[in-house]
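Understanding the architecture of this molecule
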2 protein chains.
Amino acid sequence: MSEGSMMDRRLLLQGAAASAVLLAQGCATAQVSTNERTAITKAIASGHNDTVSRLQQWIANPSIAAENRNMPGGADYMKKLALDAGFQHAEVIPTDGHPGVFATMDNGAKTWFGIYFMYDVKQFDPAEWTSPPLEARVIDKPGFGKVMMGRGAVNQKGPQTAFLAALHALRAVGKKPPVNLVLVAEGEEEIASPHFHQVVQNPKVLPAIQKCVGIIIPSASQARSGQVTISLGAKGAVELELVSSAEKWGRGPAQDLHSSQKARVDSPAWHLVSALNSLVTPDGNTPAIEGWFEKVRPLTAREQELVTIAAQSTNESEAKASAGVKRWIDDLDYRSSIERLVSQPTVNIQGLVGGYTGPGGKTILPTRVLAKIDLRLVPNMTREDCIAKLKAHLAKHGFGDIDVNVSGGYDPTETAEDSQVIQAQLAVLKAAGAPASLYPRNAGSWPGSVFTGPPLKIPAGQFGLGYGQGAHAPDEFYLIESAIPKVAGLDAVTMGFVDYLYEIAARS
Amino acid sequence: MSEGSMMDRRLLLQGAAASAVLLAQGCATAQVSTNERTAITKAIASGHNDTVSRLQQWIANPSIAAENRNMPGGADYMKKLALDAGFQHAEVIPTDGHPGVFATMDNGAKTWFGIYFMYDVKQFDPAEWTSPPLEARVIDKPGFGKVMMGRGAVNQKGPQTAFLAALHALRAVGKKPPVNLVLVAEGEEEIASPHFHQVVQNPKVLPAIQKCVGIIIPSASQARSGQVTISLGAKGAVELELVSSAEKWGRGPAQDLHSSQKARVDSPAWHLVSALNSLVTPDGNTPAIEGWFEKVRPLTAREQELVTIAAQSTNESEAKASAGVKRWIDDLDYRSSIERLVSQPTVNIQGLVGGYTGPGGKTILPTRVLAKIDLRLVPNMTREDCIAKLKAHLAKHGFGDIDVNVSGGYDPTETAEDSQVIQAQLAVLKAAGAPASLYPRNAGSWPGSVFTGPPLKIPAGQFGLGYGQGAHAPDEFYLIESAIPKVAGLDAVTMGFVDYLYEIAARS
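So, how was this worked out
- Residues numbered from 1 in each chain as written.
- Chains lettered and ligands numbered in written order.
- Predicted model: local features only at pLDDT ≥ 70, side-chain atom pairs only at ≥ 80, totals over all residues.
- Heavy atoms only, no water.
- Helix = DSSP H or I, 4+ residues; strand = E, 2+ residues; numbered from the N terminus.
- Rg over C-alpha atoms; globule rule 2.2 N^0.38 Å.
- Buried < 20%, exposed > 50% of the residue type's maximum accessible area, 1.4 Å probe, protein only.
- Contact = heavy atoms within 4.5 Å.
- Areas by Shrake-Rupley, 256 points an atom, 1.4 Å probe, with all protein chains shown as cover.
- Lys, Arg positive; Asp, Glu negative; His and termini not counted.
- Charge placed at Lys NZ, Arg CZ, Asp CG, Glu CD.
- Least-squares fit on C-alpha atoms with pLDDT ≥ 70 in both.
- Phe/Tyr/Trp six-rings, centres within 6.5 Å; stacked < 30°, edge-to-face > 60°.
- Lys NZ or Arg CZ within 6 Å of the ring centre and 35° of its normal.
- Expected span 1.5 Å × (residues − 1).
- Pairing = 2+ DSSP bridges.
- Axes fitted to C-alpha atoms, helices over the stretch in contact; angles between N-to-C directions.
- Buried area = accessible area lost by both parts, 1.4 Å probe.
- Salt bridge = Lys/Arg side-chain N within 4 Å of Asp/Glu carboxyl O.
- Polar contact = N/O pair within 3.5 Å; in protein donor to acceptor, adjacent residues only side chain to side chain.
- Arc of directions from axis to C-beta.
- Parallel < 35°, antiparallel > 145°, perpendicular 65-115°, else oblique.
- Left-handed = near helix turned anticlockwise from the far one by under 90°.
- Nonpolar A, V, L, I, M, F, W, Y, C, P; charged D, E, K, R; others polar.

**Things to note about the overall build of chain A**
Regarding its fold elements, chain A presents 16 helices and 20 strands. For chain A, whose C-alpha radius of gyration is 24 Å, the value lies close to the compact-globule estimate of 23 Å for 508 residues. Over its C-alpha atoms, taken along the principal directions, chain A stretches across nearly 85 × 45 × 45 Å. Within chain A, buried positions represent 65% of all 508 residues. Sequence-distant contacts in chain A: of pairs separated by 6 or more residues, those separated by 24 or more amount to 80%. As displayed, chain A has an accessible area near 16400 Å², and 50% of this comes from carbon and sulfur atoms. Taken as two groups, the 47 positive and 50 negative side-chain charges of chain A have centres that lie 2 Å from each other.

**Re the relation of the copies chain A and chain B**
Between the two chain copies there is a screw-like relation: a rotation about an axis and a shift along it. After a rotation of 180° and a shift along the axis of 0.0 Å, chain A superposes on chain B with an RMSD of 0.0 Å. Here the copies are linked by what is in effect a two-fold axis.

**Details of the packing of aromatic side chains**
Applying the stated criterion to the full structure yields 26 aromatic pairs over all chains. When the centroid spacing of 5.5 Å and the interplanar angle of 80° are considered together, the rings of F144 of chain B and F477 of chain B count as edge-to-face. Highlighted residues: F144 of chain B in the loop between β4 (137-141) and β5 (145-149) and F477 of chain B in strand β20 (residues 477-482), separated in sequence by 333 residues. Accessibility expressed as a relative area gives 1% for F477 of chain B, which makes it buried. One Lys or Arg, K211 of chain A, reaches over the ring of W112 of chain A and ends 4.0 Å from the middle of that ring. One Lys or Arg, R264 of chain A, reaches over the ring of W328 of chain B and ends 4.1 Å from the middle of that ring.

**With respect to helix α16 (residues 490-506) of chain B**
For α16 of chain B, spanning 17 residues, the distance from its first C-alpha to its last is 25 Å, which sits close to the expected 24 Å at 1.5 Å a residue. Among the 17 residues that make up α16 of chain B, 14 are buried, leaving the element largely enclosed by the rest of the structure.

**Concerning the sheet that holds strand β6 (residues 180-186) of chain A**
Residue and element names in this part refer to chain A. Strand order across the open sheet formed by 6 strands is β1-β2-β6-β3-β7-β18, with mixed pairing between neighbours. Looking at which strands have only one partner, the edges of the open sheet turn out to be β1 (89-93) and β18 (460-463). This sheet shows a mean twist of 20° between the axes of neighbouring strands, independent of strand direction. Bridge count between strand β3 (residues 112-118) and β6: 7 bridges; the pairing is parallel. In the sheet register, G114 faces β6, and the bridge partner there is V182.

**Considering the interface of chain A and chain B**
How large an interface is tends to be reported as the accessible area lost when its parts come together. Counting residues at the interface gives 81 residues for chain A, matched by 80 residues for chain B. Summed over the three residues of chain A that lose the most area to chain B, namely R264, W270 and L352 of chain A, the buried surface amounts to 13% of that side. In this assembly, chain A and chain B are joined by 2 salt bridges. Notably, a salt bridge pairs D331 of chain B with R251 of chain A, separated by 2.8 Å at the nearest N-O pair. Between the two partners, chain A and chain B, sit 40 residue pairs in polar contact (both at pLDDT 80 or more). With 10 residues, the single largest contributor to the side of chain A that touches chain B is strand β11 (residues 346-355) of chain A.

**Focus on helix α11 (residues 316-323) of chain A**
All names here are of chain A. All buried positions along α11 are accounted for by A319, K320 and A323. Mapping the buried residues of α11 onto a view down its axis gives an arc of 95°, with all of them on the same face. Opposite the buried face of α11, by more than 90 degrees, sit the exposed residues S317 and A321. You can read the cap of α11 off the contacts: a side-chain oxygen lies 2.9 Å from the backbone nitrogen of S317, and it is on N315. Just downstream of α11, G324 is the residue with a positive phi angle, here 75°.

**Focus on the side chain of R251 of chain A**
Here R251 of chain A shows up in the loop between α8 (246-249) and β10 (257-258). Separated by 3.0 Å, the side chains of R251 of chain A and D266 of chain A make a polar contact. Only 3.3 Å separates the side chain of R251 of chain A from the backbone oxygen of W328 of chain B, close enough to count as a polar contact. Residues in contact with R251 of chain A, not counting those within four places in the same chain, are A246, D266 and P268 of chain A together with R327, W328, I329, D330 and D331 of chain B.

**Description of unusual backbone geometry**
Of the consecutive residues P379 of chain A and N380 of chain A, the connecting peptide bond is found in the cis state with omega at 5°. Residue position: N380 of chain A is located in the loop between β13 (368-377) and α13 (383-396). Of note, the bond from P454 of chain B into P455 of chain B is cis; its omega dihedral lies within 30 degrees of zero at 0°. By the element assignment, P455 of chain B lies in the loop between α15 (449-452) and β18 (460-463). If you check the backbone angles, A192 of chain B has positive phi at about 70° while not being a glycine. Relative to the helices and strands, A192 of chain B is located in the loop between β6 (180-186) and α6 (196-200). On the accessibility criterion, A192 of chain B (0% relative accessible area) is buried. Positive phi, close to 55°, is recorded for D330 of chain B, a residue that is not glycine.

**Observations concerning the packing of helix α14 (residues 420-432) of chain B against α16 of chain B**
Helix packing geometry: the angle between the two helix axes and the distance between the axes. All names here are of chain B. Where α14 contacts α16, the two axes come as close as 9 Å, and the packing angle between them is 130°. With respect to α16, the axis of α14 lies oblique. By crossing handedness, the relation of α14 to α16 is classed as right-handed. Of α16, the residues touching α14 (which contributes Q420, V421, A424, Q425, A427 and V428) are G496, D499, Y500, E503 and I504. Counted by class, the contact of α14 with α16 contains 6 nonpolar, 3 polar and 2 charged residues.

**A word on the pattern of salt bridges**
For the structure shown, the criterion picks out 52 salt bridges over all chains. For E476 of chain A, the salt bridge is made with R151 of chain A, and the minimal N-O distance between the two is 2.3 Å. Note that E476 of chain A is positioned in the loop between β19 (468-469) and β20 (477-482) and R151 of chain A in the loop between β5 (145-149) and α5 (153-172), a separation of 325 residues in sequence. Both residues of the pair, E476 of chain A and R151 of chain A, count as buried. For R297 of chain A, the salt bridge is made with E303 of chain A, and the minimal N-O distance between the two is 3.2 Å. A relative accessible area of 21% means that R297 of chain A is categorised as partly exposed. Taken together, the salt bridges that share partners define one network made up of R251 and D266 of chain A together with R327 and D331 of chain B.

Structure, rendered in structure tokens:
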């Protein structure tokens with residue numbers, strides 16, 4: 001579900017002023033000499049073709065949890081990628097759902113650091129793509145440079161492959177990474193990580209992560225301007241289906257019935273409409289589930305300040321164009337739209353499905369209809385409390401028969417501004433000449449709470465130079481050779497990960 | 001949409017007492033001698049295999065308007081069937097949609113009579129059938145006899161083929177039908193007859209129908225008990241889609257957007273839910289569109305009497321089992337459920353479609369969603385007035401942007417109890433020993449108003465002995481050789497049509 005976070009960032013950063021310092025000339029950070037850094041840069045360049053090839057092969061092997069496609073296979077592949085990159089130990093961790101992967105690399109360093117990967121990708125329809133989504137072709141994209149187009153290119157295989165390339169490059173120059181690494185990967189990120197906590201809390205895995213000073217997921221964080229926005233958290237999310245059926249209700253027809261009988265037979269479809277209608281205000285914009293705002297923590301003064309900075313440093317027209325909207329809800333001004341984006345919980349309809357869905361009409365009274373829903377949660381809401389409140393609300397309003405089928409979700413996540421994970425990012429970006437700003441919270445979600453919440457409570461974030469587009473959409477791509485000023489291509493992204501590991505080591 | 005009417009009948013008639021007189025022994029009606037009648041009966045038996053074969057070939061050639069399947073072809077086939085049955089003139093009548101067919105047979109009789117056919121059938125999914133739906137196999141069905149299973153078998157190709165077989169049989173014995181005939185056929189019955197009025201009002205067709213004393217559509221009207229319920233009308237119907245889109249609304253995303261943006265972007269899906277919710281009472285059972293009941297004519301004393309008879313002569317448990325329901329809306333008693341069925345207009349959701357409809361979830365805020373709706377109208381509501389009221393209601397409540405895409409529909413239809421069309425039916429059924437009762441109005445719909453409304457204003461109804469099941473559903477079948485006491489098989493049905501034409505002639 002990480003697309004949202006990346007989209008937020010891009011929306012916010014387009015048009016922002018950017019430093020003129022070139023990434024490739026970024027100065028060395030702590031504990032690596034200039035000569036060593038030059039050697040690593042050369043090793044990255046020498047390994048470029050191997051890295052590109054490694055990414056292409058990974059994209060050619062998609063794992064899609066929603067379709068139960070290549071799920072054990074994807075975990076095995078992830079394990080192999082880790083071992084190839086120098087992890088001494090890697091194993092598949094079973095869960096009640098699809099398996100995760102756990103790997104460790106003890107470099108004899110003082111500090112342990114965590115890396116979170118997702119090996120799954122979003123569903124795709126090849127018919128919607130201009131380039132075959134599993135061929136991962138490298139294409140000249142005018143104004144961008146050379147990009148790799150394929151499902152998962154930016155979300156998240158490209159950035160993750162760049163991180164692994166950093167380890168390959170260090171090994172090539174005979175250097176051990178400056179920190180010890182723990183890798184945890186899941187295959188259910190795109191279905192809201194229903195079992196990732198089982199990976200993290202596995203008795204083999206938990207003690208390893210507990211040693212880590214923090215954890216990141218590699219990502220392509222740059223806007224076209226070069227700027228990087230560092231989010232200090234992300235909303236939680238719950239994905240669920242609300243299913244209205246005659247079977248459960250005890251009213252309406254046991255099978256689809258001729259619609260003429262509506263005059264005397266109850267309709268599960270109208271029942272669902274009425275239930276849905278009770279969940280939000282009439283404009284559809286504010287949750288109306290009882291007690292929904294009980295635990296919502298208002299933005300702090302610092303968060304309000306960061307919202308103001310975001311509004312001032314970004315371009316509203318570009319944000320609207322990127323979202324494809326003419327106006328925000330209630331015709332809000334730009335700052336208010338950002339404040340709402342970072343601070344407000346949502347109840348969203350992803351899809352409506354039921355009855356006759358083909359061309360034209362069919363005179364039936366359907367026995368069963370459903371709505372696909374996602375909830376976004378802000379601190380201090382929790383997944384479990386929200387699910388309980390939703391069920392209580394439905395029951396109280398006469399919809400207790402409607403099934404609430406939760407398929408995934410997790411709590412909001414927050415990471416302190418003064419944590420190593422964040423401060424090391426700021427240092428690397430500054431050294432690389434990439435302008436950086438802080439942002440209170442992604443409106444999109446990622447399962448950071450698995451790390452930032454109990455029992456681990458370690459700082460967790462996203463990090464990575466680089467650029468891509470189209471996560472969850474057709475023609476997803478990841479920038480390989482950058483023609484965009486101040487935006488890193490694959491090799492510079494890889495060097496950014498090297499620098500980040502040294503920065504973490506220096507701060508520990 | 002004729003399924004509803006047949007379903008009503010069966011629901012109402014199951015368990016009713018039935019006469020012991022065998023159909024095959026029904027006495028001759030006016031103007032045909034006993035000898036002649038015997039000869040015709042023999043001719044029907046001789047032609048039986050040809051009739052079965054003719055029906056099988058017709059079923060093998062389905063026309064489905066909703067899928068634009070074999071539409072000009074189906075009209076040509078219909079024309080050929082008419083010419084083969086002895087119509088001297090037959091031609092395809094173009095419309096703004098799919099074509100109709102018009103045929104005449106001048107037998108030098110005093111009286112002209114109309115026959116209405118539909119050459120289209122409902123959509124089907126072969127995977128849901130136990131017998132291939134286009135092979136029209138004749139199958140032994142325990143407790144029923146030999147049935148033909150195929151799409152359109154009972155709705156309406158079987159009864160229509162039996163009517164044509166009556167003409168073939170009369171020709172075989174050298175007799176001209178006792179009335180002159182006008183045949184009008186359409187290929188859009190299953191999409192609510194959006195262009196049938198253009199067939200009927202075609203300058204070639206209208207004067208011919210104007211000469212007719214009445215018109216029927218052949219149908220399989222018997223319940224398993226043998227009883228026939230004659231409906232004195234049918235509800236009108238309108239099929240439409242309500243489409244909520246960002247494009248039309250000017251709010252929400254131009255394309256599907258990441259759902260994290262819900263916090264500041266309007267949702268066409270919630271907009272549709274709110275609009276739908278305004279159309280009915282919270283229980284979904286009574287239309288709440290402004291002015292909806294303005295033209296609704298309450299049941300007459302005679303109609304109330306017929307409702308009471310229907311409630312007394314039929315079995316509630318069987319009616320509930322047939323509809324697949326445990327209780328009627330509001331836990332109504334049986335008579336009240338029938339009163340509501342015949343007297344109340346409805347707003348029904350056939351289907352909900354929009355956004356992500358595949359397996360699992362997908363974190364999008366859809367740009368466009370729609371509801372498939374049918375409206376059932378009672379006298380004196382009209383299609384045009386209802387569409388106008390629906391649009392006015394939506395506009396008044398802030399949903400003026402929601403598209404109302406009407407795909408078909410027509411006014412309610414009523415035929416007087418004392419009309420020839422009805423009285424001739426009662427006489428034939430009495431002579432055939434099939435118990436008959438009158439019913440105020442089918443809750444299902446057929447485009448009878450094209451005939452009963454202006455400019456024609458001729459009596460119109462459905463008629464035919466015989467039995468079938470599964471209109472609109474898998475394993476649709478039509479009874480060919482009856483093993484059910486008092487229920488007619490194909491040959492007795494055919495003789496019933498012969499008798500009906502003589503009865504019409506005698507009453508003119």
